[in-house]
Amino acid sequence: MAKPLGMRTYGDTVLRARSERVASIESDLAELLGDMVETMYAEGGVGLAAPQIGVSRQIAVINPEPGNEATLLKMVNPRIVAASDELEVKEEGCLSVPGIRGEIPRHAWVEIVYQNEKGVERRLRAEGLLARIVQHELDHLNGVLFIDRLSLAKRALIKPKLRNLAGGKER
Ligand code: CO
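The structure reproduced in this document is the subject of the present report. Keep in mind that this is a model prediction, so the values were computed, not measured.

### Notes on the pattern of salt bridges
Logical step 1: Scanning the entire structure with this criterion turns up 10 salt bridges.
Logical step 2: The partner of Asp12 in a salt bridge is Arg8, and the shortest N-O contact between them spans 3.1 Å.
Logical step 3: Here Asp12 falls in the buried class, since its relative accessible area comes to 18%.
Logical step 4: Among the ionic pairs, Lys74 bridges to Glu117, the shortest N-O distance being 3.5 Å. Of this pair, Lys74 sits in strand E3 (residues 73-83) while Glu117 sits in the loop between strand E6 (109-115) and strand E7 (121-127), and the two are 43 residues apart along the sequence.
Logical step 5: Through salt bridges that share partners, Glu92, Arg106, Arg132, Asp139 and Arg149 make up one connected network.

### A few points about helix H3 (residues 152-166)
Logical step 1: For H3, which comprises 15 residues, the first-to-last C-alpha distance of 19 Å matches the rise-based estimate of 21 Å (1.5 Å per residue) to within 8%.
Logical step 2: Lys159 marks the point of greatest bend in H3, at about 50°, and the proline Pro160 comes within the next four residues.
Logical step 3: Residues of H3 that are buried include every one of Ile158, Leu162 and Ala166, and no others.

### With respect to the sheet that holds E6
Logical step 1: Reading across from one edge, E1-E2-E3-E6-E7 is the order of the 5 strands in this open sheet, with antiparallel pairing throughout. Because the sheet does not close on itself, it has two edges, and the strands there are strand E1 (47-49) and E7. With strand direction ignored, the average angle separating the axes of adjacent strands in the sheet is 40°.
Logical step 2: Where helix H1 (residues 28-42) meets the sheet, it contacts E1, strand E2 (59-62) and E3, and its direction lies at approximately 45° from that of E2.

### Notes on unusual backbone geometry
Logical step 1: Residues other than glycine seldom take positive phi values, yet Asn77 does so here, at roughly 50°.
Logical step 2: Considering the arrangement of structural elements, one finds Asn77 in strand E3.
Logical step 3: Given a relative accessible area of 4%, Asn77 falls into the buried group.

### Points about the nonpolar core
Logical step 1: If you look at the biggest cluster of nonpolar residues, it comprises 15 residues, and the most contacted ones within it are Met36, Leu48, Ile59 and Val61.
Logical step 2: Counting only elements with at least two residues in this core, the list comes to H1 and E2.
Logical step 3: Here this core gets 6 residues from one element, more than from any other, and that element is H1.
Logical step 4: Those residues in contact with Ile59 that sit more than four places away from it in its chain are Val22, Leu29, Leu32, Leu33, Met36, Leu48, Ala49, Ala50, Met75 and Leu141.
Logical step 5: The next biggest cluster of nonpolar side chains, apart from the first, holds 14 residues, and it includes Val14, Cys94, Leu150 and Ala166.

Parameters and conventions
Residues numbered from 1 in each chain as written. Predicted model: local features only at pLDDT ≥ 70, side-chain atom pairs only at ≥ 80, totals over all residues. Heavy atoms only, no water. Salt bridge = Lys/Arg side-chain N within 4 Å of Asp/Glu carboxyl O. Buried < 20%, exposed > 50% of the residue type's maximum accessible area, 1.4 Å probe, protein only. Helix = DSSP H or I, 4+ residues; strand = E, 2+ residues; numbered from the N terminus. Expected span 1.5 Å × (residues − 1). Bend = angle between axes of the 7 residues up to and from the residue. Pairing = 2+ DSSP bridges. Axes fitted to C-alpha atoms, helices over the stretch in contact; angles between N-to-C directions. Contact = heavy atoms within 4.5 Å. Core = buried A, V, L, I, M, F, W, Y, C linked by side-chain atoms within 4.5 Å.

Have a look at this one:
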């Protein structure tokens, strides 16, 4: 039975590490993916990357329509292979950076290649909200948070909030 896991938040070093490629699809992967989906739903998110639950591996789950099995994506080793020149700016937040939102530029569409939970290679062209979530989650796998992409002015503005979030954690 899949269970929600604890959320790692800003200040936790695992969020800043580059995740390891999944070399082979082991039997524990399906369980981990199931737990990640439950965690994403429990937290009210539309995407979750493995580092957010303390697992530094290139794995992410995405669902722009939470609860709809048809739109659920489970991705292993995802990478962007093509992206639009056009950027779109929209507001984003992150389960690992609670209480902070900001306008972030992202490619309007991206094409990605990933493996599904059975290790089968998939190609996906995403646009709109899905493209935004994909780029946000792939950033996590490289140790990048959405706040890194905020304007300098906005970043200066949220500095005290970030300091609070990180407070008491080992850096
Ligand atoms: Co996030």
